[in-house]
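Results of the structural survey
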Amino acid sequence: MKDISTIYKLSVVAAICFIQGKCPVLECWFVQEKAGRGGGLTGATTQEKSLLHIRTDAGSSSPETHQAHSDINPSRVYVITDPAATLCHQSFKAPKGSVKKPQCEVNPFLPQPSSLRWVSSLTEPALSPIYLQADWFSASFQGLDEQLGVSTITRAPTGSTEHEVILSVTSKTMSAKTRLGEPVTLDCGFWADSSSPLYTSGFAVEWRYQTRGDGRLVLAYDGKTDRLADTHEEGVTLDFEGLYKRGNASLILEEAKVRHSGTYICTVYLPYLMAQVAMDLEVVEPPSLSIHPSPLPLAVPGQTINIHCDASGFAPLHLELSWEFKGADGKSRSLGAGSMSGHRQAWDLTYSQRTRLELDTSKLDLGRGGEVTCVAVHAGGTRRASMTLSIIGFSSPSIEDSMAMVGVALVLYGLIKFVSWTFTGSGSDKTDEQDKVSK
Ligand SMILES: *[C@@H]1O[C@H](CO)[C@@H](O)[C@H](O)[C@H]1NC(C)=O
């Protein structure tokens, strides 16, 4: 037992060393508004390369590696202390020599009270603590796996390049996909420095939806007064126990609908500070297919039959429909896309679309028929529906048909033979008699 506990302790120590030893150095863009000239040009910004050395413990020695980046201004090299180790995640560590790198941008940040209803209580009474007089940055990071996003607010004593994370907001679902009707959790978690004087006066959480000019408040929670703001959104909630215990501000959607597709922004507020991550949710539902008429009518060679394939209940809109034919030889071949109709949208915002196949049985070598299949290729998956096509009275008989015909001919021949034998049998007697008579 002693051994086991020793091993356990050693592995904990090793794990801590591992975490601390493996925090990355991140190359970031340092972006700020152009100084001077009264900010005449709209939104003019400057972009400089910068380097962030991440560590989890302010006490640990400053990273030794200030070398090798000749293209980076030394004053844009920062050391960031991130006690929650959020930025030490595997997804921020690019393999050596890798072209793909985590994305990151740093901006100067100006702490200020918010006038939003669910946030304003945090900054009452309206004091501006001396603590705020420092250098503040906001930074956003996106991991290599494109699912992890982090946004931080960091503080450094004025003029220092050693920053500390005061607030970080994280999402592990930067691009989420779901089927229609499924419950969805959009991940958002936050961490705040509990030693910061801003921490004690509470926090607020806000979820916003934003897509193509359409924006709305989904949920807002004022942690100081423990109140949810009135919104018109139904079927959304937070896990409040997780929120207080683990800073888990994930949004829970009870049932995914097409109108839920879009961008969601999770914002966490501390007094004077805010950090946010934006993530995308896409509701993807493959189509249901049906073929009409059902079953297909018997066809005769030379006849043209119209077959419809209806795809319905799908989202998003992009869909490819096509037709295939599988004959008696078991080989499949394409019959093309047919003529596609325009799409229609149902009350639940899912789409439907139809394609019509004009099947000319004389032009295509369809034999006695086979299986006609409608194929739908969609982001939600490929769907197929099949129907049997029978062609009768064909002109070129197959081997089995020929044999059947030979069989029928033989039977017929036999019958005729038999009938004529019974007749001619008695007839020949008479002729014999007649012969005798005539003799
Ligand atoms: C956060 O809460 C959601 C919903 O309850 C849950 O699915 C998720 O696992 C939680 N995340 C963490 C890190 O605890």
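Just so it is clear, the model here is predicted, and its values are computed rather than measured.

As a matter of local geometry, the ligand sits amid Thr185, Asp239, Arg246, Asn248, Ser250 and Ile252. Asp239 is positioned such that a nitrogen or oxygen atom in its side chain is 3.5 Å from an oxygen atom of the ligand. Side-chain polar atom of Asn248 to an oxygen atom of the ligand: 2.4 Å apart, as the coordinates give it. Protein burial of the ligand: of its 360 Å² of free accessible surface, 52% is covered by the chains. Its residues placed into classes, the shell around the ligand shows one nonpolar, three polar and two charged.

Here we take up the sheet that holds strand β9 (residues 184–186). Strands sit in the order β9-β15-β14 across an open sheet of three strands; the sheet is antiparallel. Pairing within the sheet leaves two strands with one partner each, and these edge strands are β9 and β14 (236–238). For this sheet the average axis-to-axis angle between neighbouring strands, irrespective of direction, equals 25°. Relative to strand β15 (residues 251–253), β9 runs antiparallel, the two being bridged by three bridges.

For the coordinates displayed, the defined rule picks out 13 salt bridges. One salt bridge in this structure joins Glu146 and Lys100, with 3.9 Å as the shortest N-O distance. In this pair, Glu146 sits in the loop between β5 (135–142) and β6 (149–156) while Lys100 sits in the loop between β3 (77–81) and β4 (103–108), placing the two residues 46 residues apart along the sequence. Here Glu146 falls in the partly exposed class, since its relative accessible area comes to 42%. The salt bridge partner of Arg356 is Glu358, with a shortest N-O separation of 3.3 Å. Given the relative accessible area of 53%, Glu358 is considered exposed. Each of Asp214, Arg216, Glu233 and Arg259 takes part in a single network of salt bridges with overlapping partners.

As a further point, take the sheet that holds strand β26 (residues 381–390). Reading across the sheet, the four strands line up as β21-β20-β25-β26 and stay open at both edges, with antiparallel pairing between neighbours. For this open sheet the edge positions go to β21 (332–336) and β26, each flanked by a neighbour on one side alone. Adjacent strand axes in the sheet meet at a mean angle of 30° when their direction is disregarded. Sheet topology note: the strand β20 (residues 319–327)/β21 ladder contains four bridges and is antiparallel. Note on β21: the bridge partner recorded for Trp323 is Gly336.

The next subject is empty space enclosed by the protein. Here the structure, examined in full by the defined rule, presents one cavity of 30 Å³ or more. In this model, the largest cavity occupies a volume close to 50 Å³. The wall of the largest cavity is formed by Leu52, Ile80, Val106, Phe137, Ala139, Phe141, Thr152 and Thr154. Those elements giving two or more residues to the lining of the largest cavity turn out to be β5 and β6. With three residues, β5 is the largest single contributor of residues to the lining of the largest cavity. Broken down by class, the residue content of the lining of the largest cavity amounts to six nonpolar, two polar and no charged.

Another aspect to go through is the state of the cysteines. By definition, a disulfide links the sulfur atoms of two cysteine residues through a covalent bond. A complete count under the given rule lists four disulfides for this structure. Each sulfur in the disulfide pair Cys309 and Cys374 lies 1.9 Å from the other. Disulfide Cys309-Cys374: the torsion about the S-S bond is -75°, which places it as left-handed. Taken as a pair, Cys309 in strand β19 (residues 304–314) and Cys374 in strand β25 (residues 369–378) lie far apart in primary sequence, 65 residues in all. The class for Cys374 is buried, based on a relative accessible area of 0%. The connectivity of the disulfide bonds within the chain can be written as 1-3, 2-4, 5-6, 7-8, using the sequence rank of each bonded cysteine.

What counts and what doesn't
- Residues numbered from 1 in each chain as written.
- Predicted model: local features only at pLDDT ≥ 70, side-chain atom pairs only at ≥ 80, totals over all residues.
- Heavy atoms only, no water.
- Near = heavy atom within 4 Å.
- Polar contact = N/O pair within 3.5 Å; in protein donor to acceptor, adjacent residues only side chain to side chain.
- Areas by Shrake-Rupley, 256 points an atom, 1.4 Å probe, with all protein chains shown as cover.
- Nonpolar A, V, L, I, M, F, W, Y, C, P; charged D, E, K, R; others polar.
- Pairing = 2+ DSSP bridges.
- Helix = DSSP H or I, 4+ residues; strand = E, 2+ residues; numbered from the N terminus.
- Axes fitted to C-alpha atoms, helices over the stretch in contact; angles between N-to-C directions.
- Salt bridge = Lys/Arg side-chain N within 4 Å of Asp/Glu carboxyl O.
- Buried < 20%, exposed > 50% of the residue type's maximum accessible area, 1.4 Å probe, protein only.
- 1 Å grid on protein atoms, 1.4 Å probe; cavity = no way out; pocket = protein on both sides within 12 Å on 5 of 7 lines; lining within 4 Å.
- Points joined across faces, edges and corners; volume = space filled by probe spheres on them.
- Disulfide = S-S within 2.5 Å.

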